[in-house]
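Take a look at the letters that make up each chain.
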Amino acid sequence: NGYSKFNNQVDEFGNLYFIEVTPGTNDHNVLKKMNSQGNIVWENNLTEGQFAIEWGLNAQFKLRNNFLYVCHSAYDTSIWVEDPKDPKQTESRDIYSIYLTKFDLSGNLIFNEKYKPIQNRSINIKKLQSFDVDNNSNIIMGGINRYFNSAFDPDSSIRIQNFLFKVDSAGIPQWEYEYTP
C-alpha cells in the first residue's frame, strides 16, 4: 500500500493528479490521474535509477498550461576521473542531477530530461528547492549546487552556490545563473 506524499493537483474538470509512493529501498513512485468519481484513469511509474531517499526529499509536482510537471533531484551516477597531474591516479565522483518529466493530461510522456551540475568536482549535487512554469511553458528551477572537495586538490573547499536555471517548453536548457548565498 502506498500514500500520497506531494501536493495533489486538480484540473478544471475535477480530475485529481497525485503521486503515490510505495516505501522501500528504492521508493516506487506512481503518478496517477483519478476522475471526479474516484476511478483511476491512468498511472505512470516514475521510478528510474537509484532514487532511494533522495527522490522524496525535494520532489515538486505542478499542473500548468494543461501539462503535468514532476521535478526532483536524485543520484545520477558515479564517474571516474584522472588526476590532471598524474593520469594513473583516479577518483570516483558522485553526481546528483535534477530530473524534469513532463506529461500531457492523458498521461503521455512529453519529455524526461536530466540536468547535471555545471562544475566537475569530487561530489557534485544539484539540489532542487523550487520550480515554476510560466505562461509560455518555460520551466524555471531554483536550488543549490554543492561542490565538494577533490582528493586531487587538497586545497579545494566545499562550495555552495545558489542557482536559477531555465529550460524551454521542450526541456532544452536556455541559461543557468549561479550566485553565492
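Residues numbered from 1 in each chain as written. Predicted model: local features only at pLDDT ≥ 70, side-chain atom pairs only at ≥ 80, totals over all residues. Heavy atoms only, no water.

Re the overall build of the protein chain
When helices and strands are counted, the protein chain shows 1 helix and 13 strands. Mapped from its N terminus to its C terminus, the protein chain presents α and β elements in the order β-β-β-β-β-α-β-β-β-β-β-β-β-β. Across the 181 residues of the protein chain, 44% fall into the buried class. Counting contacts in the protein chain only where the partners sit at least 6 residues apart, residues at least 24 apart contribute 44% of the total. Carbon and sulfur atoms form 47% of the exposed surface of the protein chain, whose accessible area is close to 9,600 Å². (Helix = DSSP H or I, 4+ residues; strand = E, 2+ residues; numbered from the N terminus. Buried < 20%, exposed > 50% of the residue type's maximum accessible area, 1.4 Å probe, protein only. Contact = heavy atoms within 4.5 Å. Areas by Shrake-Rupley, 256 points an atom, 1.4 Å probe, with all protein chains shown as cover.)

Quick notes on the pattern of salt bridges
Scanning the model with the defined rule gives 3 salt bridges in all. Between Arg-64 and Asp-132 there is a salt bridge, with its nearest N and O atoms 3.3 Å apart. Taken together, the residues Arg-64 in strand β6 (residues 60-64) and Asp-132 in strand β10 (residues 123-133) connect sequence positions 68 residues apart. One salt-bridge network, in which partners are shared between bridges, spans Glu-20, Lys-32 and Glu-43. (Salt bridge = Lys/Arg side-chain N within 4 Å of Asp/Glu carboxyl O.)

Thoughts on the environment of Glu-43
Secondary-structure assignment places Glu-43 in strand β5 (residues 40-45). Classification of Glu-43 as partly exposed rests on a relative accessible area of 47%. Between the C-alpha atom of Glu-43 and that of Leu-31, which follows or precedes it by 12 residues, the distance is 5.5 Å. Ignoring anything within four residues of it in the chain, the contact list for Glu-43 reads Val-30, Leu-31 and Lys-32.

Structural notes on the packing of aromatic side chains
By the definition in use, this model includes 3 aromatic pairs. Ring geometry for Tyr-17 against Trp-42: centres 6.3 Å apart, planes inclined by 50°, an arrangement best described as tilted. Here Trp-42 lies in strand β5 and Tyr-17 lies in strand β3 (residues 16-22), a separation of 25 residues in the sequence. With relative accessibility at 11%, the residue Trp-42 sits in the buried group. With centroids separated by 5.6 Å and ring planes inclined at 25°, the aromatic side chains of Tyr-177 and Tyr-179 adopt a geometry described as stacked. The ring of Phe-131 carries Lys-62 above its face, with NZ or CZ at 5.6 Å from the centroid. The side chain of Lys-102 reaches across the aromatic face of Phe-67, ending 4.3 Å from its centre. (Phe/Tyr/Trp six-rings, centres within 6.5 Å; stacked < 30°, edge-to-face > 60°. Lys NZ or Arg CZ within 6 Å of the ring centre and 35° of its normal.)

Some words on the confidence of the model for the protein chain
For the protein chain, the mean per-residue pLDDT works out to 77, and 66% of the residues sit at or above 70. Between residues 49-57, whose pLDDT stays under 50, and residues either more than four places distant or in other chains, the model counts 24 contacts. (pLDDT = per-residue confidence, 0-100.)

Here we look at the side chain of Asp-168
Of note, Asp-168 is situated in the loop between β12 (159-167) and β13 (173-179). Despite being buried, Asp-168 has no salt bridge partner; Lys-102 is the closest side chain of opposite charge, sitting 7.9 Å away. There is a polar contact of 2.9 Å between the side chain of Asp-168 and the backbone nitrogen of Ala-170. Not counting residues within four places of it along the chain, the set of residues in contact with Asp-168 comprises Ser-137, Asn-138, Ile-139 and Gln-174. (Lys, Arg positive; Asp, Glu negative; His and termini not counted. Polar contact = N/O pair within 3.5 Å; in protein donor to acceptor, adjacent residues only side chain to side chain.)

Remarks on unusual backbone geometry
In this structure, Asn-66 is a non-glycine residue whose phi angle is positive, near 65°. Summarising the element assignment, Asn-66 is placed in the loop between β6 and β7 (67-82).

Considerations on the nonpolar core
Among the nonpolar cores identified, the biggest contains 14 residues, and Leu-100, Phe-131, Ile-139 and Met-141 are the most heavily contacted of them. For Ile-139, the contacting residues outside a window of four places in its chain are Tyr-69, Leu-100, Phe-111, Phe-131, Asp-132, Val-133, Phe-165, Lys-166, Val-167 and Asp-168. Counting residues in hydrophobic clusters, the runner-up holds 12 residues, among them Leu-31, Trp-42, Leu-68 and Phe-103. (Core = buried A, V, L, I, M, F, W, Y, C linked by side-chain atoms within 4.5 Å.)

Structural notes on the side chain of Lys-62
As for its position among the elements, Lys-62 is in strand β6. Although Lys-62 lies buried, it forms no salt bridge, and the closest oppositely charged side chain, Asp-132, sits 4.4 Å away as judged by the N-O distance. A distance of 3.3 Å separates the side chain of Lys-62 from the backbone oxygen of Phe-131, its partner in a polar contact.

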